[in-house]
Every structure is written in structure tokens, then in C-alpha cells.
Amino acid sequence: MELLDNLKWRYAAKAMNGKKVSEDKINNIIEAISLSPTSSGLQPFEVLIIKNQAIKEQIKPIAWNQSVITDCSHLLVFAAWDTYTEDRINKMFDLTNTIRGFKNEGWENYRQMLLNMYPQKDPEENFIHASKQAYIAFSNAVTAAAFEKVDSTPIEGFDPNALDKILGLREKGLRSCVLLPIGYRDEENDWLAKLPKVRKSREDLITVID
Ligand SMILES: Cc1cc2nc3c(=O)[nH]c(=O)nc-3n(C[C@H](O)[C@H](O)[C@H](O)COP(=O)(O)O)c2cc1C
């Protein structure tokens, strides 16, 4: 199965060789991010694509000096909404109405329910919910990259507050949650490149309830 072959091929590359990934491949990865499901379809996150080498150099020290930050081709930063606001919710519901070309009572009631629920909640709780949605898209990006035979490294090992400052995310109502450098593996210098994948047993992972 092509999907499983690609997932077996991919791994969290620890060293990349600086080779550039074509914009066609990056576009396909972006499309996979965009097509990801999110709670109520709100897509409560944005993705920054950093190609600028000087900015990557600035980020590396606040990301445990991981070499893939600077040796990747494109550095994706997944940044979730810092909270749900009325304006953000309305924008997505209005977009749905515009694209579908009609208003629907059930949908409008659902909008009202969300408006009565999310904006009143603790912003931290909302951010955690929004960041979960970002992770769904992030996971699709990892899979899409593998489909493009492009390497990627999921990275949570960074200081989000420091990164938010570097990229001015808080001013935009965003908070960074996870990074995905995309590029090509440096097989010779990557200690992990040739090691077998480790996954727990099916029994420890799956419970079937007949
Ligand atoms: C959310 C998340 C955060 C991660 N953060 C890091 C990281 O900061 N640095 C790193 O080298 N690997 C990181 N990893 C990679 C994992 O260690 C790796 O996916 C796991 O060991 C399974 O190995 P595989 O992806 O090579 O199959 C992260 C993975 C995920 C999903």
C-alpha cells in the first residue's frame, strides 16, 4: 500500500543537507494542511513558512540548536489562535455562507451556539483547543511530505515564547505550537537514518471490542 510504504520511508530526520525543495512539492504539502479537518471547520491556526536563512539562524538557538532548523529548505511554524473571538468565528461562518451561496437556519443556530460558548472561555483553554487543530494539520503535513519523498522533522523542542517574540506572533493573536522543517535527509551524517523504526506492539496499541 503506497500510504504505508511512504510512512515506513519517513522518519524524523536529525540531519538535513540544505538542498531546496521545489515550490510544487511545498504547495502540495500546503494543500494537505489546508484540507485537514478541524473542529467546526474553524481552522484556528496559521502556518508561517520561513525560507529566510537569517531568521532560521535566529531560531536555532531557541530550538535546542537542532541543525535541521537551519539545514532545512523550508521551516514551517504552526501557530494557533491565542483564543476564539466572535470576529474569528463569524469570519469562518460568513465564508461558508459565501462559498455555498446560501444561509441555513441550522448552520446559523450552530454559529450562535459557538458564539455563546468559545469567546467566554478562558483564553488558555481556547488556545489548547486551537493548537490541537493545528496538530491535525501538522500531522497531515508530515504525511504529505513523505508522499512527496521529502523529509521532515516534527519539532516541539523549542521555546514558544521566544519564537513568538522573534516572529511577532502575539501581536497577531497567534502562539506557536509546533515546527516542521522540510528538506532532504543528510544520510551520511544522520545517526538515525539507517536505524530501524521502533513502535510498540499491536497488543499494547490496539484494543478490539467485538
Ligand atoms: C509533536 C512532536 C514533537 C517532536 N519533537 C521533536 C524534536 O524537538 N526533535 C526531534 O529530533 N524529534 C522530535 N520529534 C520526533 C519524534 O521523536 C519521532 O517522531 C518519534 O521518535 C518516532 O520516530 P519516527 O518519526 O522517526 O518514526 C517529535 C515528534 C512529534 C510528533
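Preceding this paragraph is the structure being described.
Keep in mind that this is a model prediction, so the values were computed, not measured.

Student: When you look at the sheet that holds strand S4 (residues 174-183) in this model, what are you seeing that I'm missing?
Tutor: Backbone-to-backbone hydrogen bonds pair the strands of a sheet. The strands run either parallel or antiparallel. Pairing is antiparallel in the open sheet, where four strands are placed in the order S1-S2-S4-S3. Bordering the open sheet on either side are strand S1 (45-50) and strand S3 (151-152), each of which pairs with just one other strand. The strands touched by helix H7 (residues 123-147) are S1, strand S2 (74-81), S3 and S4; relative to S4, the strand with the most contacts, the crossing angle is about 10 degrees.

Student: Which parts of the structure should I look at to understand the site of the ligand?
Tutor: The ligand sits among Arg 10, Tyr 11, Ala 12, Lys 14, Gln 66, Tyr 135, Pro 154, Ile 155, Glu 156, Gly 157, Lys 197 and Arg 199. Within the side chain of Gln 66, a nitrogen or oxygen atom sits 2.8 Å from a nitrogen atom of the ligand. Pro 154 is positioned such that a nitrogen or oxygen atom in its backbone is 3.2 Å from a nitrogen atom of the ligand. Considered class by class, the residues forming the shell around the ligand number five nonpolar, two polar and five charged.

Student: Whenever I open this one, the pattern of salt bridges confuses me. Can you help?
Tutor: Oppositely charged side chains can form a pair if their charged atoms are brought close together. Scanning the model with the defined rule gives nine salt bridges in all. The partner of Glu 124 in a salt bridge is Arg 175, with the nearest N and O atoms 3.0 Å apart. Residue Glu 124 is located in helix H7, and its partner Arg 175 is located in strand S4; the two are separated by 51 residues in the primary sequence. Beyond isolated ion pairs, a larger network of salt bridges with shared partners links Asp 94, Glu 108 and Arg 111.

Student: I keep staring at unusual backbone geometry and nothing clicks. Help me out?
Tutor: Most peptide bonds take the trans configuration, and most residues that are not glycine carry a negative phi. Backbone geometry places Ser 40, a non-glycine residue, at a positive phi of 60 degrees. Within the secondary structure, Ser 40 sits in the loop between helix H2 (23-34) and S1. Of note in the backbone geometry, Gln 43 takes a positive phi value of approximately 45 degrees without being a glycine. The residue Gln 43 is located in the loop between H2 and S1 in this model.

Student: Would you explain the packing of aromatic side chains in this entry?
Tutor: Describing an aromatic ring pair means giving the distance of the ring centres and the angle of the ring planes. Tallied over the entire structure, the rule returns seven aromatic pairs. Seen in terms of ring centroids, Trp 81 and Tyr 84 are 5.7 Å apart; in terms of plane orientation they differ by 80 degrees. Their pairing is edge-to-face. With a relative accessible area of 7%, Trp 81 lands in the buried category. Judged by relative accessible area, Tyr 84 falls into the buried class, the value being 2%. Considering the side-chain rings of Tyr 84 and Tyr 118, the 4.3 Å spacing of their centres and the 25 degrees angle between planes classify their relative orientation as stacked.

Student: Teacher, can you tell me more about H2 here?
Tutor: Because an α-helix completes one turn every 3.6 residues, residues spaced three or four positions apart along the sequence face the same direction. End to end, H2 covers 16 Å across twelve residues, agreeing with the expected 16 Å (1.5 Å per residue, within 8%). Taken together, the buried positions of H2 are occupied by Ile 26, Ile 29, Ala 32 and Ile 33. The buried residues of H2 occupy one face: seen down the axis, they fall within an arc of 115 degrees.

Student: Can you help me understand a nonpolar patch on the surface in this one?
Tutor: Residues Met 1, Leu 3, Leu 4 and Phe 147 make up a contiguous nonpolar surface patch of roughly 400 Å² in combined accessible area. Secondary-structure assignment places Leu 4 in helix H1 (residues 2-9). Note on Leu 4: relative accessible area 42%, which makes it partly exposed.

Student: Teacher, can you tell me more about the pairing of S2 here?
Tutor: Two faces make up the sheet, and in a regular strand the side chains alternate between them. Within S2, eight of the eight residues are buried, which leaves it mostly tucked inside the rest of the structure. Both S1 and S2 contribute to a ladder of six bridges, which runs antiparallel. The partner of Ile 50 across the bridge, within S2, is Leu 75. Both S2 and S4 contribute to a ladder of eight bridges, which runs antiparallel. Paired with Val 77 across the strands is Leu 179, a residue of S4.

Definitions and cut-offs
- Residues numbered from 1 in each chain as written.
- Predicted model: local features only at pLDDT ≥ 70, side-chain atom pairs only at ≥ 80, totals over all residues.
- Heavy atoms only, no water.
- Pairing = 2+ DSSP bridges.
- Helix = DSSP H or I, 4+ residues; strand = E, 2+ residues; numbered from the N terminus.
- Contact = heavy atoms within 4.5 Å.
- Axes fitted to C-alpha atoms, helices over the stretch in contact; angles between N-to-C directions.
- Near = heavy atom within 4 Å.
- Polar contact = N/O pair within 3.5 Å; in protein donor to acceptor, adjacent residues only side chain to side chain.
- Nonpolar A, V, L, I, M, F, W, Y, C, P; charged D, E, K, R; others polar.
- Salt bridge = Lys/Arg side-chain N within 4 Å of Asp/Glu carboxyl O.
- Phe/Tyr/Trp six-rings, centres within 6.5 Å; stacked < 30°, edge-to-face > 60°.
- Buried < 20%, exposed > 50% of the residue type's maximum accessible area, 1.4 Å probe, protein only.
- Expected span 1.5 Å × (residues − 1).
- Arc of directions from axis to C-beta.
- Patch = residues over 30% accessible without salt bridge, like charges linked within 9 Å, V, L, I, M, F, W, Y side chains within 5 Å.
- Areas by Shrake-Rupley, 256 points an atom, 1.4 Å probe, with all protein chains shown as cover.

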